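Overview (structure and organization)
Residues per chain are reported as follows:
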Amino acid sequence: MRMILAAFALLAANQLMAAPPEGIPRDLARRRAEEISDLRYHLRFTLIPHGSSASGHEDLQFRASSSEVILIDFREGSVSNLTVNGVAVPAKIDNGHIALPAYAIHPGENHLSVDFDAPVAAAGKAITRFEDKDDSTEYLYTLFVPMDAEMAFPCFDQPDLKGRFRLELTAPENWTAISNTAIESQSQAGPGRRLTVFSESRPISTYLFAFAAGPFRKVHETPSLPGLYVRQSKFKKGEEEAPEVQQIAAQGIDYLSRFFAEPFPFPKYDMVLVPGFAYGGMEHAGATFLREESVLFRVAPTHSDHLNRDILVLHELTHQWFGDFTTMRWFDDLWLKEGFAQYMAYQALTSIKPNENIWKRFYQTIKPAAYSIDSTKGTTPIYQDIANLKDAKSAYGAIVYSKAPGVLKQLAFVLGEDHFRDGLRLYLADHAYANAEWSDLVQAFERVSGKPLRDWAAMWIRHRGMPQVDVSWSCDAQNRIDHVSLTQQDALGEGGVWPVGMQILLAYPDRDAIRLRAELNSQRAELEQAIAKPCPQYVFLNDQDYAYGRFLLDDRSRQAIMGQLGGISDVFERTLLWGSLWDSVREAELAPRHFLELALRLLPAETDESLAQSLIGHVATGLHRYVKETVRAEMVPRVEMVASDQMLHSPNQDLRIIWFRGFRAIAESEQGRAELKNLLAGKLAVPSVELRPLDRWTIITALIALNDPDAEAAFAAEQKRDNTGDGQKYAYVAGAARPERISKQRYFSDYLNVSSRPEDWIEQSLGSFNYWNQSQLTLPFLKPALEALPQIKRERKIFFLLGWLNAFIGGQHSAEAQAPVHAFLRTETLDKDLKLKILEVSDELDRTVKIRQRYP
Ligand SMILES: [Zn+2]
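Residues numbered from 1 in each chain as written. Predicted model: local features only at pLDDT ≥ 70, side-chain atom pairs only at ≥ 80, totals over all residues. Heavy atoms only, no water.

Simply put, disulfide is the name for a covalent bond between the sulfur atoms of two cysteines. Summed over all chains, the structure comprises 1 disulfide. Linked covalently through their sulfurs, cysteine 475 and cysteine 535 form a disulfide whose S-S length is 2.0 Å. Between cysteine 475 and cysteine 535 the sulfur-sulfur dihedral comes to about 85°; the bridge is accordingly right-handed. In this pair, cysteine 475 is assigned in strand β23 (residues 467-475) and cysteine 535 in the loop between β27 (524-526) and β28 (538-540), connecting sequence segments 60 residues apart. (Disulfide = S-S within 2.5 Å. Helix = DSSP H or I, 4+ residues; strand = E, 2+ residues; numbered from the N terminus.)

Let us look at the side chain of arginine 550. Tracing the sequence through the fold places arginine 550 in the loop between β28 and α12 (555-564). A polar side-chain atom of arginine 550 sits 2.6 Å from a polar atom in the side chain of glutamine 468. When neighbours within four sequence positions are excluded, arginine 550 is seen to be in contact with Ser375, Met466, Pro467, Gln468, Val469, Ala491, Glu587 and Arg847. (Polar contact = N/O pair within 3.5 Å; in protein donor to acceptor, adjacent residues only side chain to side chain. Contact = heavy atoms within 4.5 Å.)

Bringing the pattern of salt bridges into the picture now. A side chain with one charge may pair with a side chain of the opposite charge, provided their charged atoms come close. Scanning all chains against the criterion turns up 72 salt bridges. The salt bridge involving arginine 309 is made with glutamate 241; its shortest N-O contact spans 2.8 Å. Separated by 68 residues along the polypeptide, arginine 309 in helix α5 (residues 303-319) and glutamate 241 in helix α3 (residues 235-260) bring together distant segments of the chain. Its relative accessible area of 2% is what places arginine 309 among the buried residues. Residues lysine 677 and aspartate 708 are paired through a salt bridge, measuring 2.9 Å at the closest nitrogen-oxygen approach. Of the two residues, lysine 677 is situated in helix α18 (residues 670-681) and aspartate 708 in the loop between α19 (693-705) and α20 (711-721); the sequence distance between them amounts to 31 residues. Residue lysine 677 is classed as partly exposed on the basis of its relative accessible area, which comes to 23%. (Salt bridge = Lys/Arg side-chain N within 4 Å of Asp/Glu carboxyl O. Buried < 20%, exposed > 50% of the residue type's maximum accessible area, 1.4 Å probe, protein only.)

Attention now goes to unusual backbone geometry. Backbone torsion omega between valine 145 and proline 146 reads -5°, so that peptide bond is classified as cis. Structurally, the position occupied by proline 146 is in the loop between β10 (137-142) and β11 (163-172). Unlike most non-glycine residues, aspartate 545 shows phi in positive territory, near 60°. By the element assignment, aspartate 545 lies in the loop between β28 and α12. Note on aspartate 545: relative accessible area 0%, which makes it buried.

Looking now at α20. By the burial criterion, the buried members of α20 are Ala711, Ala714, Phe715 and Glu718. Looking straight down α20, one finds that the buried residues subtend no more than 105° of arc, so they occupy a single side. In this structure, α20 carries Ala713 and Lys720 as exposed residues pointing more than 90 degrees from its buried face. Here the buried face of α20 lies against α18, α19 and α21 (725-735). (Arc of directions from axis to C-beta.)

Once that is clear, we can look at the sheet that holds strand β19 (residues 281-282). Whether parallel or antiparallel, the strands of a sheet pair through hydrogen bonds between backbone atoms. The strand order across the open sheet built from 5 strands is β16-β17-β18-β20-β19, with neighbouring strands paired in mixed fashion. Because the sheet does not close on itself, it has two edges, and the strands there are β16 (216-219) and β19. For β19 and strand β20 (residues 287-291), the ladder comprises 2 bridges, and the chain directions are antiparallel. The residue of β20 that forms the bridge with methionine 282 is phenylalanine 289. (Pairing = 2+ DSSP bridges.)

So, on to the sheet that holds strand β25 (residues 500-507). With antiparallel pairing, 3 strands are arranged side by side in an open sheet as β26-β25-β28. The sheet is open, and its two borders are formed by β26 (514-520) and β28, each paired with just one other strand. When the angles between neighbouring strand axes are averaged without regard to direction, this sheet yields 25°. Strand contacts of helix α8 (residues 398-415): β25 and β26, with the helix running at about 80° to β25, the strand carrying the most contacts. Together, β25, β26 and β28 form the strand contacts of helix α13 (residues 571-586), whose direction differs from that of β28 by roughly 85°. (Axes fitted to C-alpha atoms, helices over the stretch in contact; angles between N-to-C directions.)

Just geometry here; none of it tells us what the structure is for.
As structure tokens, this is what we get:
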């Protein structure tokens, strides 16, 4: 950019030394996007085994519209030999930027040349090293989103300054290098080293440029299928799983290119499995990185685990169009890419696997996370104001990943599938290899549908929160409906009124259900179409889950449903009704004990694996959080008996696995722990299910957390049995559950002070550290955990902070624990985005306390 801040122009030249802004403020980005264009990065990196940095050289060409000072971004590394258009200029890094002086910049074409060094570490840097303890090899990979490309090389690190990248990597000759484009050439580069040159990319944002290098191997090289790379020690496992993953990606490419009417936008597509990767996946253009653990299952997998993996693959694939080809201008529109990737992943899988009831899974996986943040004071609109890119990490969370796709599902329902699809096609075609904003998308939908969406967008995109929609109804003496009214209220009590499109179910014991389409655009409306219909047994407002909002049951319907839930044969409907009952528990309108008793009664006959899984999850939450200890003590042996029986005798393999996991989560009595130990010792087996190492380690973790007298012996035996790289990580995770203050202290200090500890080790151990039965022991760590938030925001990858908060606040259930949280929220210097995250997470603690008080 030029130093455009108006005041700047008036400053004397020596005052230009004033520090440039921290991070990338939005106005800096806007101005740079006006000033700079036609970027071409030519990057050379040299990767050395065990090196604490990577050295490189950069040639950058760009056009400037005038000759003024331009800030280029670079932090944490070092630069030398900086020239602009052949003129040597000071290579001084100041607050994450290098100022390119006006005297060196030409209006028109410019050429920058610079040598640089970028840090490489196990955690906390843009280039991460993974050490494979199984075969003593190492792997390096980049992860730049949202603004860490500038930690790897000098660049204009904002999404709307797309560049063409040309990469040359020098690395040990037995390493394989993967990047966004195909390899153009390879040659020897000194003893034991090889130079790999990649072809130039199409225009992409800096956060989408990536490379990975190490002794990766490509599995099943089939030209018609996307490439899949795996580290060499997992090659065999990779070969087993690859066909399914490559197949779904190929089917996804086929489906999405037809749906978007736009061929796959990049010259090739590879997937690279990265162990301990910070996210499920990252959609680098042409080279998606996937968390190895999400693809090569570490536990005995269920059918749902396979489908979730399909969703992950399709999510990242959708991004190649939505995010990579057409990119949000700024991270305040993060939802544009994440919301669509989620929604389209389910849409694509529905088409690829039509018999899987995929929208039921969408409801189970996506909606609870959305509703549970959107009814808290920590929620934000889908569009999130990001004044500085350094705060962009905070935009990631359930609002963009769960609410946005939920809102899109409702929009597709309101517009009709064809208009929805045509709007997307228009939007993509208009912004090919460029950037766009949410208003461009809304305009595209308006153009194809002719339906004005201004009010819709104002409430669903720019306004925070969600509606709670209630129904009241009655029937006359002839058993006909004589009145149905719908009312909505703002779940947060802030007075919002949303346009809600929904399908309403009238259910009958002895005849087919009646389904009515309705749009509620005001606070209250009468449902005229329902008048004179036969009197239903119950009414449910969100049939097929088209609408977004909270839909609790009226008393009469709830009574009817609780009496016959097991008999409802439509599994999607059954799932939605269970969900609504659980919402009533969380709203402190239904005693958790009543829910638990009902679940315990009906669960043994539940044959749907994913519904059983979510119900078992609710039972565990109810027992561990919502009911008091005497109730838990009374119920646990009964739950253990049901779980153990199902785990051993259910005729369905997926259900046996689900119940095994449930049993392990719930078992705490001496009898229950004895069974866990028998499973470890092989004296007891889940029929036809081979426990994998992580299944075993999770048992050990539970035994340690429950202070079982044999836990330490089992731990030591497991360490001997499984000393793999994974095993060492799981041992670390299990150790965090030790119910001793001194051990907790050691771990806590490790979390904040040991930079060599891989981030995923810490992330995965947070739950064991805060095991549900250890809240007294972990309460003293709550305040220091909150105080560490600014450091975590700065140093850790995107999702870590939320995981940290969920673990430390989520480990607490008492009014006593509310005090330090509420006190911390009053800290004056607390960043606004951190405050919102705490409000989001502490809502569950407040609810727990409320439920416990209301149902003692
Ligand atoms: Zn995504």
